[in-house]
Amino acid sequence: GIRYTNTGIVGAVVPRQRQWHRHVCVALTLCSLATITGAWAVPVGDTKVPRERATIVLVLDVSQSMMAADVDPSRFEAEKSSAVSFVSSLPAAYNVSLVTLSGHPNTLVPPTVDRGVLVQAINSLSLQDGTAIADSITDGLAALKQAPAGDDGTQAPGLMVLLSDGSETSGGDPVAAQQAAAASVPINTIAFGTQNGYVDLDGERFNVAPDTNLLAQVASTSGGRALDASSSDELNTVYKDLSSDMGYETQKTEVTARWVLVSLMFGVVAAFGAVGMAARWS
């Protein structure tokens, strides 16, 4: 001001400093300090780790509606083929049980690691009358109790995969899913088929669209996932998704390194910002 008395000209010539830059640098510095302080507290977070063992109950619908041909070559044949691929893709240490879903559910194969027995049982499935979803869930929970205990005497985590293309026809209330939730057994449901599917029985034609709402309710109540498949390819994709998901479980692990990395990122950006402002001032 003393050397250049005409401050108006000086103001027009000298570039304006962006005030928000310095505020951002200060904020990033504070964030860096906050996160490094949090790292000292040894934070714990959710991390997916591979499961060492588990028991999977596969519940397959064998009701008459499964003969619908809206899925090539039929819902029933596509179901069996995809189930065989799914069972074969599971880790060898996993116990797998097979339960049929009909008017009278039945545990065909108790928990076992013998994939040959499971494949043979799946290929030998035959159609039956009725769709008792609630009873099939109850049978699935009973099958889980038959799983052998580990070396430490504890039971492996249990999961259920329930595929159906219809609604409850046996008068049962699928609140059995609440029992699954109480036992920490999530039920992953697959609504299989299209809304236009039909079957001809006793000279009459019946629409056999899957009850997606009911199956979604079962999955939500038990803590599982509700999935849809309207073709053989989609069913295979769903099974692959479930297979990869079941291979991991969520555990609480230390995430200090993650916090330190975030703190370092904040600090580096703040430092570059400060250097940039210093260069403009000089």
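To keep things clear, this report deals only with the structure shown in the data block. (Residues numbered from 1 in each chain as written. Predicted model: local features only at pLDDT ≥ 70, side-chain atom pairs only at ≥ 80, totals over all residues. Heavy atoms only, no water.)

### A word on the nonpolar core
Okay, step 1: In terms of nonpolar packing, the biggest core is built from 34 residues, with I56, L58, F86, L98, V161, I190 and Y239 touching the most fellow members.
Okay, step 2: Top contributing element to this core by residue count: helix 3 (residues 75-89), with six residues.
Okay, step 3: In terms of nonpolar packing, the next biggest core, distinct from the first, is built from 19 residues, I137, L144, A177 and V185 among them. (Core = buried A, V, L, I, M, F, W, Y, C linked by side-chain atoms within 4.5 Å. Buried < 20%, exposed > 50% of the residue type's maximum accessible area, 1.4 Å probe, protein only. Helix = DSSP H or I, 4+ residues; strand = E, 2+ residues; numbered from the N terminus.)

### A closer look at the sheet that holds strand 2 (residues 55-61)
Okay, step 1: Spatial strand order, 4-3-2-5-6-9: six strands in an open sheet with mixed pairing. Whereas interior strands pair on both sides, the edge strands pair on one side only; in this sheet they are strand 4 (106-112) and strand 9 (226-229). Put simply, the sheet's adjacent strands are angled 15° from each other on average, direction ignored.
Okay, step 2: Across seven bridges, strand 2 lies against strand 3 (residues 95-101) in parallel orientation. When the bridges of strand 3 are listed, I56 appears paired with V96.
Okay, step 3: Helix 7 (residues 212-222) contacts strand 5 (158-164), strand 6 (187-192) and strand 9 of the sheet and is inclined by roughly 170° relative to strand 6. (Pairing = 2+ DSSP bridges. Axes fitted to C-alpha atoms, helices over the stretch in contact; angles between N-to-C directions. Contact = heavy atoms within 4.5 Å.)

### What to know about the pairing of strand 7 (residues 198-201)
Okay, step 1: Where strand 7 lies against strand 8 (residues 204-207), four bridges are found, and the strand directions are antiparallel. When the bridges of strand 8 are listed, Y198 appears paired with N207.
Okay, step 2: Here strand 7 folds back onto strand 8 in antiparallel fashion, the turn holding two residues, of which D202 has a positive phi close to 55°.

### Things to note about the packing of aromatic side chains
Okay, step 1: In the structure shown here, the tally under the stated rule is one aromatic pair.
Okay, step 2: Relative to Y239, the ring of F86 has its centre 4.7 Å away and its plane inclined at 25°; by these criteria the two rings are stacked. Of this pair, F86 sits in helix 3 while Y239 sits in helix 8 (residues 232-246), and the two are 153 residues apart along the sequence. (Phe/Tyr/Trp six-rings, centres within 6.5 Å; stacked < 30°, edge-to-face > 60°.)

### Topic: helix 4 (residues 115-123)
An α-helical segment advances 3.6 residues per turn. Residues three or four places apart therefore align on the same side.
Okay, step 1: Listed in full, the buried residues belonging to helix 4 are R115, L118, A121 and I122. Taken around the axis of helix 4, the buried residues stretch over an arc of 125°, which confines them to a single face.
Okay, step 2: Next to the buried residues of helix 4 lie strand 2, helix 3, strand 3 and strand 4.
Okay, step 3: Here helix 4 starts with a cap whose side-chain oxygen sits 3.0 Å from the backbone nitrogen of G116, and that cap is D114. (Arc of directions from axis to C-beta. Polar contact = N/O pair within 3.5 Å; in protein donor to acceptor, adjacent residues only side chain to side chain.)

### Overview of the packing of helix 3 against helix 8
Okay, step 1: The interhelical angle for the contact between helix 3 and helix 8, taken along N-to-C directions, is 25°, at an axis separation of 10 Å. With respect to each other, helix 3 and helix 8 are oriented roughly parallel. Remark: the crossing between helix 3 and helix 8 carries right-handed chirality. Residues A78, E79, S82, A83, F86 and S89 of helix 3 lie in contact with helix 8, whose contacting residues are S232, L235, N236, Y239, L242, S243 and M246.
Okay, step 2: By residue class, the composition of the contact of helix 3 with helix 8 is seven nonpolar, five polar and one charged. (Parallel < 35°, antiparallel > 145°, perpendicular 65-115°, else oblique. Left-handed = near helix turned anticlockwise from the far one by under 90°. Nonpolar A, V, L, I, M, F, W, Y, C, P; charged D, E, K, R; others polar.)

### Describing the pattern of salt bridges
Okay, step 1: One pass over the full model with this rule turns up six salt bridges.
Okay, step 2: Its salt-bridge partner being K80, residue E77 comes within 3.6 Å of it at the nearest N-O pair. Highlighted residues: E77 and K80, both in helix 3, separated by three residues, approximately one helical turn.
Okay, step 3: With relative accessibility at 38%, the residue E77 sits in the partly exposed group. (Salt bridge = Lys/Arg side-chain N within 4 Å of Asp/Glu carboxyl O.)

### Side note on the environment of T37
Okay, step 1: For T37, the location among the structural elements is in helix 2 (residues 19-40).
Okay, step 2: Considered as a pair, T37 and V260 are 223 residues apart in the sequence and their alpha carbons are 9.1 Å apart.
Okay, step 3: At a separation of 2.7 Å, a polar atom in the side chain of T37 contacts the main-chain carbonyl oxygen of L33.

### Structural notes on the packing of helix 3 against helix 4
Okay, step 1: Across the interface, helix 3 lies against helix 4 with an axial gap of 9 Å and an inter-helix angle of 170°. With respect to each other, helix 3 and helix 4 are oriented roughly antiparallel. Side by side, helix 3 and helix 4 meet where K80, A83, V84, V87 and S88 of the first sit next to R115, L118, V119, I122 and N123 of the second.
Okay, step 2: Considered class by class, the residues forming the contact of helix 3 with helix 4 number six nonpolar, two polar and two charged.

Taken by themselves, the reported measurements are silent on function.
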